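# Working through the structure, step by step
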Amino acid sequence: MSNCPYTWVRNFFGTPAPNAKEATQLRVTVHRGTEERVNVSLPARSARWLVDLIPADVVASIHAEKIPLDDIQDELARSEKLVPHRIFELIEPGRSVLVWLE
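A brief structural summary.

Definitions and limits used
Residues numbered from 1 in each chain as written. Predicted model: local features only at pLDDT ≥ 70, side-chain atom pairs only at ≥ 80, totals over all residues. Heavy atoms only, no water. Buried < 20%, exposed > 50% of the residue type's maximum accessible area, 1.4 Å probe, protein only. Helix = DSSP H or I, 4+ residues; strand = E, 2+ residues; numbered from the N terminus. Pairing = 2+ DSSP bridges.

## Observations regarding the pairing of strand 4 (residues 95-101)
Of all 7 residues making up strand 4, 6 are buried, and the element is well covered by its neighbours. Pairing geometry for strand 1 (residues 25-32) and strand 4, over 7 bridges, is antiparallel. The residue bridging R32 from the neighbouring strand is R95, located in strand 4. Here strand 3 (residues 85-92) pairs with strand 4 via 7 bridges, running antiparallel. Opposite E92, over in strand 4, you have R95 as the bridge partner. Counting the residues between successive antiparallel strands, the hairpin from strand 3 to strand 4 contains 2 residues, one of them, G94, with a positive phi of roughly 90 degrees.

On their own, these measurements won't tell you what the molecule is for.
The structure is reproduced here in structure tokens:
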């Protein structure tokens, strides 16, 4: 199994069924310790340019954790239909970031 949950889930489930429910929101939460610092909902189509929405220091951390952010971005941009799923989770000492479609 890959270290990246995105890659594992993507390989396990494959492409979504044509009749799958379409996502309406891109959700992002950021916690520092036990405190929620960010809880944002954006239109789901915002996921198509996800990399542009993420601060540079978080992008660097995502790459350091071997999360294939560029591949994720490419797949989201090419998807005809965005379906609800967890995009990625980054857990660092003192901070966690969760990004998903719902």
